[in-house]
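Single-letter residue listing:
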Amino acid sequence: MSVTQKSLSQQAIDLENKYGAHNYHPLPVVLSKGEGVYVWDVEGKKYYDFLSAYSAVNQGHCHPAIVNAMYEQAKTLSLTSRAFHNDMLGKYEKYASEYFGFDKLLPMNTGAEAVETALKICRRWAYEKKGIAENEAEIIVCENNFHGRTTTIISFSNDEVARANFGPYTQGFLKIEYDNLEALEHTLKSNENVAGFLVEPIQGEAGVYVPSEGYLKEAKALCEKHNVLFIADEVQTGIARTGRLLATCGNCTCENKNCSGVPEVKPDILILGKALSGGAYPVSAVLANDPVMNVITPGSHGSTFGGNPIAAAVAMAALDVVKDEQLAENAYTLGELFRAKMNEYIANSTICELVRGKGLLNAILINDSEESDTAWNICLKLRDNGLLAKPTHGNIIRFAPPLVMTENELLECVSIICNTLKEFEV
Ligand SMILES: *Cc1c(COP(=O)(O)O)cnc(C)c1O
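All of the points below concern the structure found in this document. (Residues numbered from 1 in each chain as written. Predicted model: local features only at pLDDT ≥ 70, side-chain atom pairs only at ≥ 80, totals over all residues. Heavy atoms only, no water.)

## A look at the layout of surface pockets
Argument step 1. For the second largest pocket, the calculated volume is near 850 Å³.
Argument step 2. Lining of the second largest pocket is provided by 27 residues; of these, Glu16, His25, Pro26, Leu27 and Val29 occupy positions nearest its centre.
Argument step 3. Counting only elements with at least two residues in the lining of the second largest pocket, the list comes to α1 (8-19) and α2 (52-55).
Argument step 4. Per element, the largest residue contribution to the lining of the second largest pocket is four residues, and it comes from α1.
Argument step 5. In terms of residue class, the lining of the second largest pocket is built from 17 nonpolar, seven polar and three charged. (1 Å grid on protein atoms, 1.4 Å probe; cavity = no way out; pocket = protein on both sides within 12 Å on 5 of 7 lines; lining within 4 Å. Points joined across faces, edges and corners; volume = space filled by probe spheres on them. Helix = DSSP H or I, 4+ residues; strand = E, 2+ residues; numbered from the N terminus. Nonpolar A, V, L, I, M, F, W, Y, C, P; charged D, E, K, R; others polar.)

## Describing the pattern of salt bridges
If the charged atoms of two oppositely charged side chains come close together, the side chains can form a pair.
Argument step 1. This structure, assessed with the given rule, holds 14 salt bridges.
Argument step 2. Close ionic contact of Arg163 with Glu160 constitutes a salt bridge, the shortest N to O distance being 3.3 Å. On the criterion of helical spacing, the pair formed by Arg163 and Glu160 is a turn pair, its members being three residues apart in helix α7 (residues 160-163).
Argument step 3. With a relative accessible area of 13%, Arg163 lands in the buried category.
Argument step 4. Residues Lys220 and Glu224 are paired through a salt bridge, measuring 2.6 Å at the closest nitrogen-oxygen approach. Separated by four residues within a single helix, Lys220 and Glu224 lie in helix α9 (residues 215-225), roughly one turn from each other.
Argument step 5. On the basis of relative accessibility, which here comes to 10%, the residue Lys220 falls in the buried class. (Salt bridge = Lys/Arg side-chain N within 4 Å of Asp/Glu carboxyl O. Buried < 20%, exposed > 50% of the residue type's maximum accessible area, 1.4 Å probe, protein only.)

## Structural notes on the sheet that holds strand β1 (residues 31-35)
Argument step 1. If you trace the four strands from one edge of the open sheet to the other, you get β1-β2-β3-β13, paired in mixed fashion. What marks the edges here is a single partner per strand, and that holds for β1 and β13 (387-388).
Argument step 2. Both strand β3 (residues 46-49) and β13 contribute to a ladder of two bridges, which runs parallel. By the bridge assignment for β13, Asp49 is matched with Leu388.
Argument step 3. Packing of helix α14 (residues 407-422) onto the sheet brings it into contact with β2 (38-41), β3 and β13, and relative to β3 it is tilted by some 100°. (Pairing = 2+ DSSP bridges. Contact = heavy atoms within 4.5 Å. Axes fitted to C-alpha atoms, helices over the stretch in contact; angles between N-to-C directions.)

## Looking at unusual backbone geometry
Argument step 1. Across the junction of Gly167 and Pro168, the peptide omega takes the value 0°, indicating a cis bond.
Argument step 2. If you trace the backbone, Pro168 turns up in the loop between α7 and β6 (173-176).
Argument step 3. Notably, Asp179 is not glycine yet its phi reads approximately 60°, a positive angle.
Argument step 4. Summarising the element assignment, Asp179 is placed in the loop between β6 and α8 (181-190).
Argument step 5. Accessibility expressed as a relative area gives 30% for Asp179, which makes it partly exposed.
Argument step 6. The backbone of Val208 shows a phi angle near 55°, a positive value even though the residue is not glycine.
Argument step 7. As for its placement among the helices and strands, Val208 is situated in the loop between β7 (194-199) and α9.
Argument step 8. Given a relative accessible area of 1%, Val208 falls into the buried group.

Now the structure itself:
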């Protein structure tokens, strides 16, 4: 190739750089095709996808059952808005409500919208059911949370890059340390205007922080004691990612073949997105029982695309795949294997300090500072070696492959990762 002739990848990257806003810093790879656990770049090189679009593609790329449901619905009826009924929405609402064990579902499109919806429901409930004085409601959130990118959500983030110069910020949030029950109890006791506690069952973006055993259960009990809604953001952890249908599902381990999805820690409000559509279409949802959801009345909330027939068809197909292909069980088994294999490597490693996670939501910690570019360079090498992953926060690399992976594929990926890490050992 002559110096004036750019590769297809470089051409695509240049176009994005020139015409797209610079709100991301992607790994330099340009993908043009996906199937199952694999993606291909524009030059035809094949990779294992170890990010799964931040756990949106749990069911694997371009799953035929999901694609087919989308295609069939797209050529029949795509959008009515909620000004009229459509014949798919009710079916989907019934299907998903029963699937997750709630009375009702409110359909939205993106994760951030679903989080916003949950916050609005929680505030309404505070004023209309709990009796908190107007505009006084507080919602407890955790440090290092990630709940999306809207102005309200970034108002209670402590990621300065995500917040800087986007003020003024929305009021009404109290921030406590994650995985700290004393902090939760203290905040509940010292504020009578607390309406809700918004929490990620595992903090994904923060670096796959798994809280202590029993944290969620105890936190839920404290919320109940203080008449506060427990709001679980399972946008990343939900839909079988952590080896269970939901990460809040304390009971339904995957040794339990009858895993019904009826959770031991049942959130008052459950937020889902990402893999709810298998990555085929933006579909998010908020689920709650009637005493909470009924605070939403006509005109008080909505979305033009929320609950559209394509989204309904796609989500039902995507949830069918999770059950039919036993993805929770597979994520559980492969996750145990992945951490065991990585721990064998880490025992004699100086570059990799630890592996942590649940199911197939895992991360490794690289033995270098957060400011170093070691993790980024490892990801570039992983790419060269046929596996795509990305650092979260400098020295942490998240590993979240599609859940349709086989054991042999996983073992091949472990050797790619370990061989790549070897190149960085000092
Ligand atoms: C990705 C994510 C969101 C936001 O979802 P978007 O679809 O990007 O708006 C919210 N919460 C969690 C835990 C997430 O991982």
